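Read off the chains here:
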Amino acid sequence: MNDLQIRKAVRKALPLQLAFYGPSGSGKTFSALRFGAGLSPNGKVAVIDTERGRASLYADNRRLLSELPQGFDVVELDQPYHPERYINAIDLVESSGYAVCVIDSGSDSWDGPGGCTDIAEKAKGMWNGAKLWNKRMMTRTALSGMHIIWCLKAQEKTKIIDKAKSPTGKQEYQSLGVQPIWEKNNFYPMLLAFSVDPQTHLSTVVKCHDDLWQFFPEPKLIAKSDGEAVRRWNEGGQKVDAAEQLRRRSRAEAEHGMESYKAWWAGLTKDERAAIGT
C-alpha cells in the first residue's frame, strides 16, 4: 500500500532535541537545567544522570530553585552504559509524565564502560552492532514526546596532516578546537547546540534554527528565560498529532523485531493501543 502524500508544509510544535557540550566544569548541567526549567510547561524536569549523582549537587542551588521551585528528579544510570539502558531510562522518564528530560552525559553511551566503543571492541573491531544500537537510541529520542536536552563531554581534538599532504613536506598538526565526545551524526536532529566555555561558563550557539538566532546573537549565561523563549516559539506551531507519533514509534519498534515490538506494546495503555489502530 502506498501511503505517500503531498501536502502543504506547516510548522509543528514538535518535541525538541538540544545539546550542551564542554569540558569538565564548564557548566553544562547547570545550563541544561536552567534551559529545561523554561522549556517545561509544567515545571517537571527529570535528569538521567550517568555522572554518579553529580546532577544532584544542584538540588538545593538557590539560583536554580528560583527558576525551578519544585526542583528536579533524577534517574541514576550506572555502568554499563549500553545504549539499550539509555532507552530503558528514557522510557521510564517519559511514562512518568515528564515534559523535559536532561541526559547527562550522552558521551558515556559512546565511549563509557559498556558503550558503543566497548561494544565494537568486543566484536573485534566490527562497528555494525554498536552503530545499530546508537541508531536505536537516537531514533527513540527522536520519537519521544518529551523535549530532550543532551549534556556531552568535550575535549581538544587535533588533526594529523601527513607529510605527503602537507605544504611544508613535514607532518603537521591542526587544532580542531574543543569537540564533543559523541558520534558526529547524532547532532543532525538537534534544533540547538551550544558549546560551553569552561572559564566564563558562557554558552555559544554552534547549531541553530534560523528563527532562533535572535535569541542567541552572542555568547551568554543560559537562564530559564532562554528556554521560555524557545518554548513560546515552538508552541506557535501546529499541535502534533499524538496518535501519529505513536504510529511512528510503532513502526520503529517493529523494525527492531517482534520481541522488541511485543515488549513495547505491553507497556501501552488501552487508549494508546486504540490510537495506533485508528
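Everything here concerns the structure above.
I will try to describe carefully the structure that is included in this document. (Residues numbered from 1 in each chain as written. Predicted model: local features only at pLDDT ≥ 70, side-chain atom pairs only at ≥ 80, totals over all residues. Heavy atoms only, no water.)

### A short note on the pattern of salt bridges
Applying the stated criterion across every chain, the model contains eight salt bridges. Close ionic contact of R140 with E94 constitutes a salt bridge, the shortest N to O distance being 2.7 Å. Taken as a pair, R140 in helix 6 (residues 128–142) and E94 in helix 3 (residues 83–95) lie far apart in primary sequence, 46 residues in all. Judged by relative accessible area, R140 falls into the buried class, the value being 5%. Look at the salt bridges and you will find they share partners, linking E51, R54, D108 and K153 into a network. (Salt bridge = Lys/Arg side-chain N within 4 Å of Asp/Glu carboxyl O. Helix = DSSP H or I, 4+ residues; strand = E, 2+ residues; numbered from the N terminus. Buried < 20%, exposed > 50% of the residue type's maximum accessible area, 1.4 Å probe, protein only.)

### Considerations on the side chain of E183
Mapping E183 onto the fold places it in the loop between strand 6 (172–180) and strand 7 (192–196). Only 2.8 Å separates the side chain of E183 from the backbone nitrogen of N185, close enough to count as a polar contact. (Polar contact = N/O pair within 3.5 Å; in protein donor to acceptor, adjacent residues only side chain to side chain.)

### Remarks on helix 3
With 13 residues, helix 3 ought to run about 18 Å at 1.5 Å a step, and its terminal C-alpha atoms sit 18 Å apart, in line with that. Here helix 3 has its buried residues at P83, Y86, I87, A89, I90 and V93. What you see down the axis of helix 3 is that its buried residues fit within an arc of 165°, all on one side. Where helix 3 terminates, the next one or two residues include G97, which has phi positive at roughly 90°. (Expected span 1.5 Å × (residues − 1). Arc of directions from axis to C-beta.)

### Examining the packing of aromatic side chains
Scanning the model with the defined rule gives 10 aromatic pairs in all. Seen from their ring centres, F194 and F216 are 5.1 Å apart, and the 75° between their planes marks the pair as edge-to-face. Pair noted here: F194 is in strand 7 and F216 is in the loop between strand 8 (203–208) and helix 7 (224–235), with a separation of 22 residues, a long-range link. Classification of F194 by relative accessible area gives buried; the value is 0%. Taken together, F20, F35, F194, F215 and F216 form an aromatic cluster joined through their ring pairs. The ring of W233 is capped by R11, whose NZ or CZ atom sits 4.4 Å from the centre of that ring. Geometry around Y98 places K44 over its ring, the cationic atom sitting 4.5 Å from the centre. (Phe/Tyr/Trp six-rings, centres within 6.5 Å; stacked < 30°, edge-to-face > 60°. Lys NZ or Arg CZ within 6 Å of the ring centre and 35° of its normal.)

### Quick look at the environment of Y261
With respect to the helices and strands, the residue Y261 is situated in helix 9 (residues 258–266). Residues Y261 and D197, spaced 64 residues apart in sequence, show a C-alpha to C-alpha distance of 42 Å. In this structure Y261 touches S250, E253 and A254, once residues within four positions along its chain are discounted. (Contact = heavy atoms within 4.5 Å.)

### Looking at the pairing of strand 2 (residues 45–49)
Of all five residues making up strand 2, five are buried, and the element is well covered by its neighbours. Where burial is concerned, the two faces of strand 2 agree: the one with V45, V47 and D49 and the one with A46 and I48 are both buried. Alignment of strand 2 against strand 4 (residues 100–104), held across five bridges, turns out to be parallel. Within the sheet, the bridge partner assigned to V47 lies in strand 4 and is V102. (Pairing = 2+ DSSP bridges.)

### Re the packing of helix 3 against helix 6
As a packed pair, helix 3 and helix 6 sit with axes 9 Å apart at the nearest point and diverge in direction by 15°. Classified by the angle their axes make, helix 3 and helix 6 are roughly parallel. Here helix 3 runs over helix 6; the crossing is left-handed. Contacts between helix 3 and helix 6 pair P83, E84, Y86, I87, I90, D91 and E94 from the former with W133, N134, R136, M137, R140 and T141 from the latter. Tallied by class, residues from the contact of helix 3 with helix 6 come to six nonpolar, two polar and five charged. (Axes fitted to C-alpha atoms, helices over the stretch in contact; angles between N-to-C directions. Parallel < 35°, antiparallel > 145°, perpendicular 65-115°, else oblique. Left-handed = near helix turned anticlockwise from the far one by under 90°. Nonpolar A, V, L, I, M, F, W, Y, C, P; charged D, E, K, R; others polar.)

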